Each structure stands twice: as C-alpha cells, then as structure tokens.
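Topology and contacts: notes
In case you want the letters, here they are:
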Amino acid sequence: MQAPDEFNPQPGLAEELEPGLRRILAPNPSPMTYRGTNTYLLGTGGLAVIDPGPESDVHLAAILAAVQPGQQITHIIVTHSHLDHSPLARGLSHATGAPVYAFGGPQAGRSSVMAGLAANGLAGGGEGIDLAFAPDTTLTDGETIAGDSWDLEVIHTPGHLGNHIALAWKDACFTADHVMGWASSLVSPPDGDLTDFMASCRRLRQRSWRVFHPGHGAPISDPDARLDWLIAHRESREAAILKALTSAPATARSLAELIYTDTPPALLRAAERNVFAHLVDLTGRGLAAPQGGLSASAVFELGGS
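Reference entry: report on the structure contained in this document. Numbers given to residues run from 1 along each chain, matching the order in which its sequence is written. In keeping with the predicted nature of the model, local features appear solely for residues at pLDDT of at least 70, side-chain atom pairs appear and are counted solely at 80 or more, and the whole-chain, interface and lining totals rest on all residues. Side-chain numbers come from the whole structure's heavy atoms, not from hydrogens or water.

1. Some points on the overall build of the protein chain
- Only DSSP runs of H or I covering at least 4 residues are called helices, and only runs of E covering at least 2 are called strands; the numbering of each starts at the N terminus. Across its full length, the protein chain holds seven helices and 14 strands.
- C-alpha atoms define the radius of gyration in this analysis, and the globule rule sets the expected value at 2.2 Å times the number of residues to the power 0.38. Its C-alpha atoms give the protein chain a radius of gyration of 19 Å, within 12% of the compact-globule value 19 Å for 305 residues.
- Summarising its shape, the C-alpha atoms of the protein chain cover approximately 65 × 40 × 35 Å along the three principal directions.
- Relative accessible area decides the class of each residue, using a 1.4 Å probe on protein chains only: under 20% of the type maximum gives buried, over 50% gives exposed, and in between gives partly exposed. Scored against the burial criterion, the 305 residues of the protein chain give a buried share of 54%.
- Contact criterion: two residues are considered in contact whenever any of their non-hydrogen atoms come within 4.5 Å of each other. Residue pairs at least 24 apart in sequence account for 64% of intrachain contacts in the protein chain once pairs closer than 6 positions are excluded.
- As presented, the protein chain carries roughly 12,400 Å² of accessible surface, and 53% of it is formed by carbon and sulfur atoms.
- Positive residues here are Lys and Arg, negative ones are Asp and Glu, while His and the chain termini are left out of the count. A charged residue contributes its charge at one atom only: NZ of Lys, CZ of Arg, CG of Asp or CD of Glu. Counting 19 positive and 32 negative side-chain charges, the protein chain places the centres of these two groups 4 Å from one another. We get accessible surface area from the Shrake-Rupley algorithm with a probe of 1.4 Å; when it comes to residues, only the shown protein chains can shield them.

Structure follows, in structure tokens:
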C-alpha cells in the first residue's frame, strides 16, 4: 500500500493526537521505519511512555522535555524488542525511575516451529533484535496496566515478533508494528511467524475499534478496513506462492523474485523472508512441503506431491 506522504511530523515535537495522548516521532527514518518510530505519551498526570524507541540521546531529551509541570513518567511500556522500539527503555528508566513493562525478552512468545528453526541455525533477517532487552515487569495476555487516569489492556499479538503486544485504550488500540497504515508488517522467521500473525489479525478483527495508533505512520481511522486489507494481502501472497508451486518446485528466493516484481532490490531480502514465512505456514497446514527438511534455503513443492 502506498505510504501516505502527508504524514511527516517534526521529530522530537510532542503532538497531541487526542485528549490525554501525545506522540513524539523519533529521528530514525529508514525504508523499514518510514518517517521514524512513534513514541506515545499517555496520561495527564502519571504518564505511560509506549515504545521509547531507538538508542538516541536526542530522542531521550525530547521525551523528558515533553513531561509538563505536575507530570511524571510512571510506566515505560515496550510493545516488542526490535532495535527501533526498545533500546531507549533502559536509559529512560534510569532517568525517571519508572519500571519497564513488556511481554518478555527477545525470545518470549516464540512458537515451537520457530524455536526449532532457530535451534537449527536460522538467524534473523536483519530486522534488528534488541538482544539485551529485559523488562522489569513481565506482562501477560489479558492483563490490565492501571495508571493515573488511564488503563491499558495487554493483547498478545505475536507474528511480527513473538513478544509483540498491542495495547487497548478504551476503543483505541496501540498496534505497534502489527498493524501499520503505511505498509504491511514484515514477518521474518525465526522471529516472525506468519501463522501467529494471521491469528493475531483475526483476533483484533473480532473487536470494535475507533482508531489504531501504530508504531510507524499516521493513525488508522478505519481499523476494520485495514485489518481486512492485511488479511486479504497475505491471502493473495499465499495464492501467488501456491500458483507458482503448481508449475515447479522453488526456493523462497526464486519465489520472491517472481512475486515481488515491484520491490526495490534493497528490500528483496526482506521479501524473501516474507515468502519463507508463508512457506513455513503452508508447510504447517500441509499445503507445501520442503525437500530435505524445513530451512530458509530449502526447495519447496506442493504438499502431498
């Protein structure tokens, strides 16, 4: 989906999105982060900082400068441990005394299939895992984090990363990198799991939402439509992969080159990981089969052939 070019806030500026909620854009634009990481400040007295962002003295100063008289940061909540979301949590905690909350460390929530791939040597695809991340308080699915004038419900949404969570704030939801408006989410084994990703999309779709506040890009004003698009997008990729496999067995790399014809060369590696994520999911459902065992370099054929 085309990125909304009108979204271009000034990094470091605390912008009010609605009463009790402000957003500060981190200064880390890239092809994978769009304009940068969205850091959210929730509350009017005791503040929750959601996704403090990358290691950056400039961004740390911007967050601290946004704390107004009579306010203090009481909670630091990390949605997942990618390098553009979690590293600043420790420095912010040191500066404020606020504890860090998250679902767990970098491998928390990882499925048994992905754990097996990792054990067999499959490494991440370059998305940047914050391997040193460890929260002070571990969150569980369905838990409520209670603050001063705000409550957040923890929704475990693995897929983009095993420890990924969304946070429900009344009829709004902080969806981090699971649902974004500017692009579809990267799902890259062994850290990303497409089977989990689709289940998380469908779980969010069962609820009624007013708005999504994503980890990158502008607020999503039609959450149902965006989730429907994400699900349909993945199903169309799946259909394209299965169609290609009817012609001949193929690797994830060759399938990516065949299917992602409009993808810049710099992003083809990420596209290959997305295709491999589909192949792992299809293998689990019996619709595809790797020759010689499941691996990123395996040749895949249709299941049962």
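2. Examining the pairing of strand 2 (residues 21-25)
- Within strand 2, five of the five residues are buried, which leaves the element mostly enclosed by the surrounding structure.
- The two faces of strand 2 match: Leu21, Arg23 and Leu25 on one face and Arg22 and Ile24 on the other face are all buried.
- Strand pairing is defined by DSSP finding a minimum of two bridges between the two strands. In this structure, strand 1 (residues 15-18) lies alongside strand 2, joined through three bridges in antiparallel fashion. Looking across to strand 2, one finds that glutamate 18 is bridged to leucine 21.
- The turn linking strand 1 back onto strand 2 is made up of two residues, and glycine 20 within it adopts a positive phi angle of 85 degrees.

3. Observations regarding the sheet that holds strand 6 (residues 100-102)
- Sheet architecture is open: seven strands sit in the order 1-2-3-4-5-6-7, paired in mixed fashion. Each edge of the open sheet carries a strand with a single partner, namely strand 1 and strand 7 (137-138).
- Strands strand 2, strand 3 (38-42), strand 4 (46-50) and strand 5 (72-77) of the sheet are contacted by helix 1 (residues 57-65), whose axis makes an angle of about 160 degrees with strand 2.
- Inter-axis angles, ranging from 0 to 180 degrees, are taken between N-to-C directions of lines fitted to C-alpha atoms, where helices are fitted over the stretch in contact. The strands touched by helix 2 (residues 88-96) within the sheet are strand 4, strand 5 and strand 6, with strand 5 carrying the most contacts at an inclination of about 155 degrees.

4. Notes on the nonpolar core
- Counting 23 residues, the largest nonpolar core has Ile241, Leu245, Leu255, Val275, Phe276 and Leu279 as its most contacted members.
- Counting only elements with at least two residues in this core, the list comes to helix 3 (112-119), helix 5 (223-247), helix 6 (252-259) and helix 7 (268-284).
- In this view, valine 275 contacts Ile241, Ala252, Leu255, Ala256 and Tyr260; residues no more than four positions away in its chain are not counted.
- To form a nonpolar core, buried Ala, Val, Leu, Ile, Met, Phe, Trp, Tyr and Cys residues must be joined to one another through side-chain atoms within 4.5 Å. Membership of the second largest hydrophobic core comes to 19 residues, among which are Ala48, Ile77, Tyr101 and Leu139.

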